Amino acid sequence: MANIVFYGDSNTYGYDARDFFGGRFSEKERWVSLVAKELGTGFNVIEEGLNGRRLPDIAIEESYLTHMTERLTYGDYFVIMLGTNDILHESHPDAKAAAHKMGRLLEWVSVPAFSQGFSVIVIAPVPIADSPEYHDHHEQSLILNTAYEKLCAEYGAVFMNADSWNVSLACDGVHFSEEGHSAFAEGFLRMFHNHSPKK
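A quick note: this is a predicted structure, and the numbers were derived from the prediction, not measured.

(A) Local environment of the environment of Ala 97. Tracing the chain through its elements places Ala 97 in helix α5 (residues 95–116). For Ala 97, a relative accessible area of 38% gives the class partly exposed. Considered as a pair, Ala 97 and His 67 are 30 residues apart in the sequence and their alpha carbons are 26 Å apart.

Below, the structure is given as structure tokens:
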């Protein structure tokens, strides 16, 4: 059985923007659970989504990253979808600074990935919706996704761009709607089956 770790923020956690108290979509609705159901018994899906998570400071979070990756071996996958909060929560969002942090993460994870034989997948997040309030954030999230593609080529990670999956967002323009979770799962599975490394 192959392990697949999904390391992400609130959209990986399945946060439901309609719930003021921070609830999440059910297992029947959120994309990681839909992916797990489709992949079936051949995969052990490990959810590592956390509301508000930003790209990690390696010096501070190395032990946590090691905990997630030390169980992985040949034929396993470590999937990263982060960066939205690094853009969203800045009054002057800077895609270059966020991309630098992703580069540090990929540099770090490439060492155990090579020695243990697992594959790294980076999902460029669905961009923050364009609006008068978040126009700069939208533009920077697009720039960030382009930077991710270049970083993946540099570090040998599989690149997936969720912007092409027609994922609908909730009213806050950041989190997936119920329909968005379904579309995201479909988009991920399509690319995973067609383009990810084979076991």
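Now that the structure is up, let's keep going.
(B) The nonpolar core, seen in detail. Formed by 34 residues in total, the largest nonpolar core has its most connected members in Phe 78, Ile 80, Met 102, Leu 106 and Tyr 148. Of the residues forming this core, the biggest block, nine residues, is contributed by α5. In contact with Met 102, other than residues within four places in its own chain, are Leu 55, Ile 80, Leu 82, Val 122, Tyr 148 and Leu 151. Phe 6, Tyr 77, Met 81 and Phe 192 belong to the second-largest nonpolar core, a separate cluster that totals 27 residues.

(C) A look at the pairing of strand β1 (residues 2–8). Among the seven residues that make up β1, seven are buried, leaving the element largely enclosed by the rest of the structure. Residues of β1 alternate between two faces, with Ala 2, Ile 4, Phe 6 and Gly 8 on one and Asn 3, Val 5 and Tyr 7 on the opposite face, all of them buried. Where β1 meets strand β3 (residues 77–81), five bridges bridge the pair, whose relative direction is parallel. Following the sheet pairing, Val 5 is matched in β3 by Phe 78.

(D) Up close: the pattern of salt bridges. With the rule as written, the count across this model stands at five salt bridges. Across the salt bridge formed by Arg 24 and Glu 47, the nearest N and O atoms sit 3.3 Å from each other. A residue pair is termed long-range when its members are at least 10 positions apart, and Arg 24 in the loop between α1 (10–13) and α2 (31–39) and Glu 47 in strand β2 (residues 43–49) qualify at 23 residues. Taking the relative accessible area as the measure of exposure, Glu 47 reaches 31% and is therefore partly exposed. Note that Arg 30 is salt-bridged to Glu 47, the shortest N-O span being 3.5 Å. Here Glu 47 lies in strand β2 and Arg 30 lies in the loop between α1 and α2, a separation of 17 residues in the sequence. Of the residues examined, Arg 30 reaches a relative accessible area of 6% and is grouped as buried.

(E) Region of the structure containing α5. With 22 residues, α5 extends 31 Å between its outermost C-alpha atoms, agreeing within 8% with the 32 Å of an ideal straight helix rising 1.5 Å per residue. The largest bend in α5 amounts to roughly 25° and is located at Val 109, with the proline Pro 112 lying one to four residues further along. Taken together, the buried positions of α5 are occupied by Ala 95, Ala 98, Ala 99, Met 102, Gly 103, Leu 105, Leu 106, Trp 108, Val 109, Pro 112 and Ala 113. Looking at the packing, one finds that the buried side of α5 touches β1, α3 (58–69), β3, α4 (84–88), β4 (119–124) and α6 (135–155). For α5, the N-terminal cap is Asp 94; the gap from its side-chain oxygen to the backbone nitrogen of Lys 96 is 3.0 Å. Just past α5, the residue Gly 117 takes up positive phi, approximately 90°.

Cut-offs used in this document
Residues numbered from 1 in each chain as written. Predicted model: local features only at pLDDT ≥ 70, side-chain atom pairs only at ≥ 80, totals over all residues. Heavy atoms only, no water. Helix = DSSP H or I, 4+ residues; strand = E, 2+ residues; numbered from the N terminus. Buried < 20%, exposed > 50% of the residue type's maximum accessible area, 1.4 Å probe, protein only. Core = buried A, V, L, I, M, F, W, Y, C linked by side-chain atoms within 4.5 Å. Contact = heavy atoms within 4.5 Å. Pairing = 2+ DSSP bridges. Salt bridge = Lys/Arg side-chain N within 4 Å of Asp/Glu carboxyl O. Expected span 1.5 Å × (residues − 1). Bend = angle between axes of the 7 residues up to and from the residue. Polar contact = N/O pair within 3.5 Å; in protein donor to acceptor, adjacent residues only side chain to side chain.

It is worth stressing that arrangement in space is one thing and function is another; only the former is reported here.
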